[in-house]
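# A structural walkthrough
Below are the chains, spelled out letter by letter.
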Amino acid sequence: MANVDIEVKNVSMRFRLSNEKVESIKEFIFKSLKKNLQYSDFYALKSISFSISKGERIGIIGQNGAGKSTLLKIIAGVLKPTEGEVKVNGSVAPLLELGAGFDHELTGAENIYLNAAILGKSKHYIDSKYDEIVEFSGLGDFIHIPIKNYSSGMRARLGFSIATRLDPDILIIDEILGVGDEQFRKKSTETMMSLVNSGKTVILVSHSLHQVKQLTDKVIWLHKGEIVAIGDSNTVCDQYMAYISSSKI
Amino acid sequence: MRKYVVYLKTFQKYSFLLSLLVRKEVKKKYKGSFLGILWSLLNPLLHMLVLTLVFSTLFNTSIENFPVYMLCGFLIFNFFSSSTMTSMKSLIFASGLITKVYIPKYIITISTILSNFIFFLISLIDLVLIMIVTRADITVNVLYAPIYLIFLFIFSCGISLMLATVTVFFRDIEHIYGVLITALHFASAIFYPADIIPQKYQFVLQFNPIYYFIEGFRDSVYYGVTPHIYNLLVCFFLAFISLVIGVLVFERNQDKFILHI
């Protein structure tokens, strides 16, 4: 199927929580001998299946610990699922953590190249986007000083500019709307909106149901690693709202 | 077969990242120091000076042209020890990155080895300088030297991939390995002639993989003779086998790295 961008099939993620972390050989040998290596299994995701078509905008909602971030990490390829498989067509830009690959000793300009290369871009491609990224970040001459001297807002602006200007096929957004100062926030929200509306495949994780309703077509509701409901944004969000308000009492 | 095509494609995709990481490490090593990368030249020279003073005055060594003899062993060993020692920790240092973005993880370990190899190549200039200053005989056999450098590089890659993998799961290796490297250092005939080791302890050299590289490199550069074919074969197999094991060990475990760092 050519128009399926992401296919998640029977994905389970199991974490082995050993009761104590074994980090040395001595401990490992002693505990293995005494048969003292106790694990308790924790499933962050249990047989999740769904597919996302090209250009579809998907929201993922659920309470803390529902497995939202784990799911995003699996789709981004950071985590490998214990069972099942994930097929992704196209390049993924994870906006999981802005500037995850920043090196604080390097200048902003050098970090643009580094960060874009981490996302698998070629030198030629980054060259062509460089000016646009600097321009959008609004950092001006600060781009040539090491980013250890940046304020956290400046760093976030640079990270956001890199991630959004690289023109990915699939955008993964984990609660990042609103970085930097008031002015930049407005600009970044606009960018976000235009990216989301530009026909790209978008996966958005957010606790703001308002935002989810507004930006997505389809919503997946996760609860303790399982899909509770999947379907039209408004319907599922309302179901979720109803569940939240009923369980609070 | 398709698997390897995919591998090559991903490698190509991330080759720019690899070059950036290497450049970054080279730049950062001597950052803030006044002489910068010149230290890669100065450091071995100073070591050579100290050892030459100690061994030619105190111990009255019988080795002819001691500085060249010593540098041949010292530089080879130094590359092996520094590249394996730094790359074994490479994955742990890069945890902030690996846990957030997907990149082929071997890129990180390989970039560490490559940057060490660059320092090593720079330090070889010392050897050339000292050979010119001491008017050492250079024969056509010096052309064998690059072969040893390539084998040594591959061998270090294999060992580093193994060490980096094991270190993720057992941090203790770091401390054990430090001691092991010191032992290897003394057992590599770097600043003494190999034949002063008594016959019954010669096995120490035979079981020391680094010594084969030093021996072959010395033959071609210091003695100016054709290296023994047996020695060349041993180095080839050491490089080949360690790379195969290294890649296998790394690949089998790489999906678990993120859960442990």
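Residues numbered from 1 in each chain as written. Chains lettered and ligands numbered in written order. Predicted model: local features only at pLDDT ≥ 70, side-chain atom pairs only at ≥ 80, totals over all residues.

## Topic: the overall build of chain B
In terms of regular secondary structure, chain B is built from 12 helices and zero strands. Starting at the N terminus and ending at the C terminus, chain B contains elements arranged as α-α-α-α-α-α-α-α-α-α-α-α. In summary, chain B has a C-alpha radius of gyration of 19 Å against a globular reference of 18 Å for 261 residues, a match within 12%. Counting the 261 residues in chain B, one finds 35% classified as buried. For chain B, restricting intrachain contacts to residue pairs at least 6 apart in sequence, the fraction spanning at least 24 positions comes to 78%. (Helix = DSSP H or I, 4+ residues; strand = E, 2+ residues; numbered from the N terminus. Rg over C-alpha atoms; globule rule 2.2 N^0.38 Å. Buried ≥ 20, exposed ≤ 12 C-beta atoms within 10 Å, placed from the backbone. Contact = placed C-beta atoms within 7 Å.)

## Considerations on the overall build of chain A
The secondary structure content of chain A amounts to eight helices and nine strands. Counting the 249 residues in chain A, one finds 39% classified as buried. The contacts of chain A with a sequence gap of at least 6 include a subset with a gap of at least 24, amounting to 72%.

## A closer look at the interface of chain B and chain A
With 20 residues of chain B in contact, the opposing surface of chain A contributes 23 residues. For the side of chain B that touches chain A, the secondary structure elements donating two or more residues are helix H2 (15–29), helix H6 (95–98) and helix H12 (229–260) of chain B. Across the side of chain B that touches chain A, the residue classes tally to 10 nonpolar, two polar and eight charged. (Nonpolar A, V, L, I, M, F, W, Y, C, P; charged D, E, K, R; others polar.)

## Thoughts on the pairing of strand E6 (residues 170–174) of chain A
Residue and element names in this part refer to chain A. Of all the five residues making up E6, four are buried; the element is thus mostly covered by neighbouring parts of the structure. Sheet topology places E6 next to strand E7 (residues 201–205); five bridges connect them, and they run parallel. Looking at the pairing, Ile170 lines up with Thr201 of E7. (Pairing = 2+ DSSP bridges.)

## Some details on the nonpolar core
Ranked by size, the top nonpolar core spans 67 residues in total, and within it Ile60, Ile75, Ala116, Ala117, Ile172 and Ile203 of chain A together with Leu17 of chain B carry the most contacts. Formed jointly, this core draws a minimum of three residues from each of two domains, domain 1 (4–90 + 206–248) and domain 2 (98–168) of chain A. The residues touching Ile203 of chain A, leaving out its near neighbours within four places in the chain, are Ile58, Ile60, Leu72, Ile75, Ile172 and Ile173 of chain A. Ranked by size, the runner-up nonpolar core spans 52 residues in total, among them Cys72, Phe120, Ile190 and Phe191 of chain B. (Core = buried A, V, L, I, M, F, W, Y, C linked by C-beta atoms within 7 Å. Domains from an automatic or database assignment.)

## Considering the packing of H2 of chain B against helix H7 (residues 106–133) of chain B
Residue and element names in this part refer to chain B. Running from amino to carboxyl end, H2 crosses H7 at an angle of 50°, the nearest separation of the two axes being 9 Å. Between H2 and H7, the crossing angle belongs to the class labelled oblique. Where H2 crosses over H7, the handedness of that crossing is right-handed. Together, Leu17, Leu18, Leu21, Val22, Glu25 and Val26 of H2 and Ile107, Ile110, Ser111, Thr112, Leu114, Ser115 and Ile118 of H7 make up the contact between the two elements. Of the residues belonging to the contact of H2 with H7, the class tally is nine nonpolar, three polar and one charged. (Axes fitted to C-alpha atoms, helices over the stretch in contact; angles between N-to-C directions. Parallel < 35°, antiparallel > 145°, perpendicular 65-115°, else oblique. Left-handed = near helix turned anticlockwise from the far one by under 90°.)

## Comments concerning the domain arrangement of chain A
When the domains of chain A are assigned, the result is domain 1 (4–90 + 206–248) and domain 2 (98–168). Inter-centroid distance (C-alpha atoms) of domain 1 of chain A to domain 2 of chain A is 30 Å.

## Points about the environment of Phe50 of chain A
Residue and element names in this part refer to chain A. Position of Phe50 relative to the elements: it lies in strand E2 (residues 39–53). The sequence separation of Phe50 and Ile220 amounts to 170 residues, and the corresponding C-alpha distance is 9.1 Å. Ignoring sequence-local partners within four residues, the contact set of Phe50 consists of Val8, Ile220 and Ile230.

## Examining H7 of chain B
Taking 1.5 Å per residue as the helical rise, H7 of chain B with its 28 residues ought to reach 40 Å, and the 41 Å between its terminal C-alpha atoms agrees with that figure. Arg135 of chain B sits one or two positions beyond H7 of chain B and adopts a positive phi of about 50°. (Expected span 1.5 Å × (residues − 1).)

## Things to note about unusual backbone geometry
With the exception of glycine, most residues fall at negative phi, and the peptide bonds are largely trans. Here Lys224 of chain A, not a glycine, exhibits a phi torsion of approximately 45°, which is positive. With respect to the element layout, Lys224 of chain A can be found in the loop between strand E8 (218–223) and strand E9 (226–232). Look at Arg135 of chain B: it is not a glycine, yet its phi comes out positive at around 50°. In this structure Arg135 of chain B comes out as exposed when scored by C-beta crowding, with 8 C-beta atoms within 10 Å.

## What about the environment of Leu161 of chain B?
Residue and element names in this part refer to chain B. Within the secondary structure layout, Leu161 lies in helix H8 (residues 145–169). For the pair formed by Leu161 and Ser242, sequence separation is 81 residues and the distance between their alpha carbons is 9.1 Å. Apart from the residues lying within four places of it in its own chain, the contact partners of Leu161 are Tyr106, Thr109, Gly246, Val247, Val249 and Phe250.

## Topic: the pairing of E8 of chain A
Note: strand E3 (residues 57–61) of chain A against E8 of chain A, four bridges, orientation parallel. Bridge pairing links Ile60 of chain A to Ile220 of chain A in E8 of chain A.

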